[in-house]
Amino acid sequence: MNLLSLFLFKLYAHCSSETLILEFAGRSDRNHARLLHKFPSMDSVSVCTRVRFDPNCFGISTIFSYSIQSYINEFQLRVNLVKGKPVQLALLVHGVHGPYKEAFDLDDFWHSVCVSWSQSGGRWALFTDGLVVSRGEGLSSNNIGPGGRFIIGQEQDTFGGSFKKNESFSGSITELYIWDRVLNSSEIYTMEKECSPNSSGPVFKWTHLKVILDDTLFSNLPRIELA
């Protein structure tokens, strides 16, 4: 049974537009979505998305992972879910794992998450709901390599595969955008308040979504409102 589904639904009461939602119903070593996008080499990157975690799922989880053929653990956003404690987020770049930082309550509500990284000093930042959670440096000084596999919902142990159930994502993900630059705090705060991504040069837009779900291609999806 395929427990990864596509939904079109209104995301927030204060947002007027509808959006595609990926729903991951429970942990699995199979369910994932792979972006059909050719990524360039990047010396800086920002990724923003909206997530809702399964409140009954605990342990290590992966929102997304990006691998290249020469290096599997190239770029990841990982999560530690502990019962009774806030959601903890950590960025991994070229095999270097950043610290887990408390972000928001595990409350079954939607939250926005943005991460940024720069080759210059290995500087990184985590934002949730438009506000900075943590910053740091020393998180690798290598470019993020081109032509990789970007997987939503799973950590890759081989190029594009070898998923593990105990590192998979359970919950909902939507509105994922990627930039080949560092977004500043003002841009991220404005995106949160306006419920709209920054239009200045994302290399991947959720509105142009083409994904493979369990070997099935989905593209040019209709945008409709559900009753």
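Each remark here, short or long, concerns the structure printed above.
As a starting point, this report considers the structure included with it. Counting of residues starts from 1 at the beginning of each chain's written sequence and follows it residue by residue. Residue-level local features of this predicted model are given only where pLDDT is at least 70; pairs of side-chain atoms are given and counted only at 80 or more, and the full residue set underlies all totals for whole chains, interfaces and linings. For side-chain calculations, the full set of non-hydrogen atoms in the structure is used, while hydrogens and water are omitted.

### So, the side chain of Glu155
Inspection of the secondary structure assignment puts Glu155 in the loop between strand S13 (149-152) and strand S14 (171-179). Whether a residue is buried, partly exposed or exposed follows from its accessible area with a 1.4 Å probe, protein chains only, as a fraction of its type maximum: under 20%, in between, or over 50%, in that order. Counted as positive: Lys and Arg. Counted as negative: Asp and Glu, with His and the chain ends omitted from the count. When a carboxyl oxygen of Asp or Glu is within 4 Å of a side-chain nitrogen of Lys or Arg, the pair counts as a salt bridge. The buried charged residue Glu155 lacks any salt bridge, with Arg78 as its nearest oppositely charged partner at 4.5 Å. Among the polar contacts made by the side chain of Glu155, one reaches the side chain of Gln76 at a distance of 3.4 Å. Any two residues having at least one pair of non-hydrogen atoms within 4.5 Å are treated as being in contact. When near neighbours in sequence (up to four residues on either side) are disregarded, Glu155 contacts Thr62, Ser65, Asn73, Gln76, Arg78, Ser162, Phe163 and Glu167. Where helices and strands are cited, they refer to DSSP runs of H or I of at least four residues and of E of at least two residues respectively, numbered from the N terminus. Distance and chemistry together define a polar contact, namely a pair of N or O atoms within 3.5 Å, with one atom able to donate a hydrogen and the other to accept it when in protein, and with adjacent residues in sequence counting only for side-chain atoms on both sides.

### A short note on the nonpolar core
Grouping buried Ala, Val, Leu, Ile, Met, Phe, Trp, Tyr and Cys residues that are joined through side-chain atoms within 4.5 Å yields what is termed a nonpolar core. With 50 residues, the main nonpolar core has Ile63, Phe75, Ile152 and Ile178 as its most contacted residues. Once residues lying within four places of it in the same chain are set aside, the contact partners of Ile178 are Leu35, Phe39, Val45, Ser46, Val47, Phe150, Pro202, Val203 and Phe204.

### Re helix H1 (residues 185-194)
Inspection of H1 places Glu187, Ile188, Met191 and Glu192 among the buried residues, and these make up the whole buried set. Projected down its long axis, H1 shows its buried positions confined to an angular sector of 135°, all on one face. Those residues of H1 that are exposed and aimed more than 90 degrees away from the buried face are Lys193 and Glu194. Looking at the residues trailing H1, positive phi occurs at Cys195, about 55°. This arc describes the spread of directions from the helix axis toward the C-beta atoms.

### A short note on the state of the cysteines
Defined by distance alone, a disulfide is two cysteine sulfur atoms within 2.5 Å. Taken as a whole and assessed by the stated rule, the structure comprises 1 disulfide. Each sulfur in the disulfide pair Cys48 and Cys114 lies 2.1 Å from the other. In this structure, the disulfide formed by Cys48 and Cys114 twists by about 120° around the S-S bond and is classed as right-handed. Of this pair, Cys48 sits in strand S4 (residues 44-53) while Cys114 sits in strand S10 (residues 111-118), and the two are 66 residues apart along the sequence. Residue Cys114 is classed as buried on the basis of its relative accessible area of 7%.

### Overview of the packing of aromatic side chains
Classification of ring pairs rests on two measures: the distance between centres of Phe, Tyr or Trp rings, Trp counted by its six-membered ring, which must be within 6.5 Å, and the angle between planes, read as stacked under 30 degrees, edge-to-face over 60 and tilted in between. What the rule picks out here adds up to 9 aromatic pairs. Seen in terms of ring centroids, Phe53 and Phe169 are 5.5 Å apart; in terms of plane orientation they differ by 55°. Their pairing is tilted. Linking Phe53 in strand S4 with Phe169 in the loop between S13 and S14, this pair joins segments that are 116 residues apart in sequence. Relative to Phe150, the ring of Phe64 lies with its centre 5.0 Å away and its plane at 25°, an arrangement referred to as stacked. Here the residue Phe64 occupies a position in strand S5 (residues 59-68), and Phe150 occupies one in strand S13, the gap between them amounting to 86 residues. Since its relative accessible area comes to 1%, Phe64 is described here as buried.

### Considerations on unusual backbone geometry
Within the chain, His94 stands out as a residue other than glycine whose phi angle is a positive 45°. Of note, His94 is situated in the loop between strand S7 (87-93) and strand S8 (96-97). A residue is classified by how much of its surface remains accessible, and His94, at 21% relative accessible area, is partly exposed. In this structure, Asp129 takes a positive phi of about 50° despite not being glycine. Inspection of the secondary structure puts Asp129 in the loop between strand S11 (123-128) and strand S12 (131-136).

### Some points on the pattern of salt bridges
On inspection of all chains with the given rule, the structure shows 4 salt bridges. Note that Lys164 is salt-bridged to Asp157, the shortest N-O span being 3.3 Å. Overall, the relative accessible area of 41% leaves Lys164 in the partly exposed class. Relative accessible area serves as the criterion here: at 31%, Asp157 is assigned to the partly exposed category.

### Topic: the pairing of S10
Extensive coverage of S10 is indicated by the burial of 8 of its 8 residues. Residues His111, Val113, Val115 and Trp117 of S10 are buried on one face, and the alternating residues Ser112, Cys114, Ser116 and Ser118, pointing to the opposite face, are buried as well. A strand pair is defined by DSSP finding two or more bridges across the two strands. With 8 bridges joining them, S4 and S10 adopt antiparallel strand pairing. Note on S10: the bridge partner recorded for Val45 is Trp117. Of the strand pairs in this sheet, S10 and S11 are connected by 6 bridges, and their pairing is antiparallel.

So far we have only geometry, and geometry alone does not tell us how the molecule works.
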